[in-house]
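# An overview of the molecular structure
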Amino acid sequence: MTISTVGIIGAGTMGNGIAQACAVSGINVVMVDISDAAVEKGLATITGSLDRLIKKEKITEADKAAALARIKGSTRYEDLKPAQMVIEAATENYELKVKILKQLDEMLESDVIIATNTSSISITQLAAVTQRADKFIGMHFFNPVPMMTLVELILGLQTADTTHARVKDLAERLGKTPITVKNAPGFVVNRILIPMINEAFFVLAEGLASPEDIDAGMKLGCNHPIGPLALADMVGLDVCLAVMEVYLKEFGDSKYRPCQLLREMVAAGRLGRKTGHGVYTY
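Notes on the structure follow. Only a predicted model underlies this, so the values are computations on that prediction, with no experimental measurement involved.

Criteria and thresholds
Residues numbered from 1 in each chain as written. Predicted model: local features only at pLDDT ≥ 70, side-chain atom pairs only at ≥ 80, totals over all residues. Heavy atoms only, no water. Helix = DSSP H or I, 4+ residues; strand = E, 2+ residues; numbered from the N terminus. Rg over C-alpha atoms; globule rule 2.2 N^0.38 Å. Buried < 20%, exposed > 50% of the residue type's maximum accessible area, 1.4 Å probe, protein only. Contact = heavy atoms within 4.5 Å. Areas by Shrake-Rupley, 256 points an atom, 1.4 Å probe, with all protein chains shown as cover. Lys, Arg positive; Asp, Glu negative; His and termini not counted. Charge placed at Lys NZ, Arg CZ, Asp CG, Glu CD. Polar contact = N/O pair within 3.5 Å; in protein donor to acceptor, adjacent residues only side chain to side chain. Pairing = 2+ DSSP bridges.

From N to C terminus, the protein chain includes 11 helices and eight strands. Over its C-alpha atoms the protein chain spans a radius of gyration of 19 Å, differing by no more than 12% from the 19 Å that the globule rule assigns to 282 residues. Dimensions along the principal axes, computed over C-alpha positions, put the protein chain at roughly 55 × 45 × 35 Å. For the protein chain, the residues scored as buried account for 49% of the 282 residues in total. Long-range pairs, those at least 24 residues apart, make up 65% of the contacts in the protein chain with a sequence separation of at least 6. Accessible surface, the protein chain: about 13400 Å² in total, of which carbon and sulfur atoms supply 53%. Of the charged side chains in the protein chain, 29 are positive and 32 negative; the average position of the first set lies 2 Å away from that of the second.

Structurally, His 164 is set in helix α6 (residues 161-173). Classification of His 164 as buried rests on a relative accessible area of 18%. Separated by 70 residues in the primary sequence, His 164 and Met 234 have C-alpha atoms spaced 30 Å apart. If we skip the residues at most four places from it in the chain, His 164 touches Ile 137, Leu 153, Leu 155 and Thr 180. A polar contact is formed between the side chain of His 164 and the side chain of Thr 180, at a distance of 2.8 Å.

Counted residue by residue, strand β6 (residues 136-141) has six buried out of six residues, so it is predominantly covered. On β6, burial covers both faces: Phe 136, Gly 138 and His 140 on one face and Ile 137, Met 139 and Phe 141 on the other are all buried. Examined bridge by bridge, strand β5 (residues 113-116) and β6 share three bridges and lie parallel to one another. Within β6, the position partnered with Ile 114 by the bridge is Phe 136. In the sheet, β6 pairs with strand β7 (residues 150-155) via four bridges, with the strands oriented antiparallel. By the bridge assignment, Phe 141 is partnered in β7 with Val 151.

Right, dumping it as structure tokens:
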């Protein structure tokens with residue numbers, strides 16, 4: 001059965017980005033968050049993003065109007081019932097995700113797929129808190145969702161082949177390039193990326209080079225479009241730290257220990273772009 005309506009839990013950066021990608025691709029969306037203010041902020045972000053695409057002549061005013069018409073904002077889980085699939089895109093917190101997933105599992109029809117946009121938490125573990133582990137999958141989008149083409153499809157131990165096939169089809173309809181990976185902490189991309197960012201903080205802490213030179217080195221020497229420290233500011237230093245702590249706990253390997261400078265900056269509230277101050281000042 002083709003997925004024509006997608007529910008999304010969370011209207012923040014990832015949630016509204018996924019909603020935009022779906023709506024632009026002709027898929028109906030129900031985007032749910034805990035307050036009207038959060039929903040309205042998410043819708044406003046989508047509107048602004050579509051306006052920028054119009055200026056770049058990527059879409060027309062008619063395309064924008066059609067996309068926005070496909071998105072319903074809500075604070076009620078009951079409004080997710082028409083969806084054939086619901087994507088959880090809440091904060092990267094295990095207890096919160098479990099609470100949301102249990103609510104969804106109880107409310108949704110048994111044939112509805114549940115996906116999580118987690119970047120580090122075990123898909124197998126999250127699937128196990130539901131009664132539909134065979135219809136549970138990781139669907140890890142990358143920020144900014146409307147621009148980034150990659151989607152990691154993460155298979156839990158219990159994920160059915162039919163679930164994978166339907167979600168892969170959806171990703172391709174969104175114009176994304178899905179890669180399929182087995183469940184493991186950090187999956188593939190973040191398993192490589194976040195330790196690299198952490199190592200950049202060790203290099204900075206040891207005074208080997210300035211932030212600007214560290215980033216320039218990786219951009220010019222490794223052909224990265226953005227340096228690791230600037231990327232950390234974009235991702236959020238708190239997010240980078242949280243992911244490293246998951247790796248350290250799950251693997252039990254000291255190579256995943258978070259850099260003390262990263263810990264200090266998070267403790268100081270210097271989280272990057274979202275606070276106006278991280279490695280760099282914004």
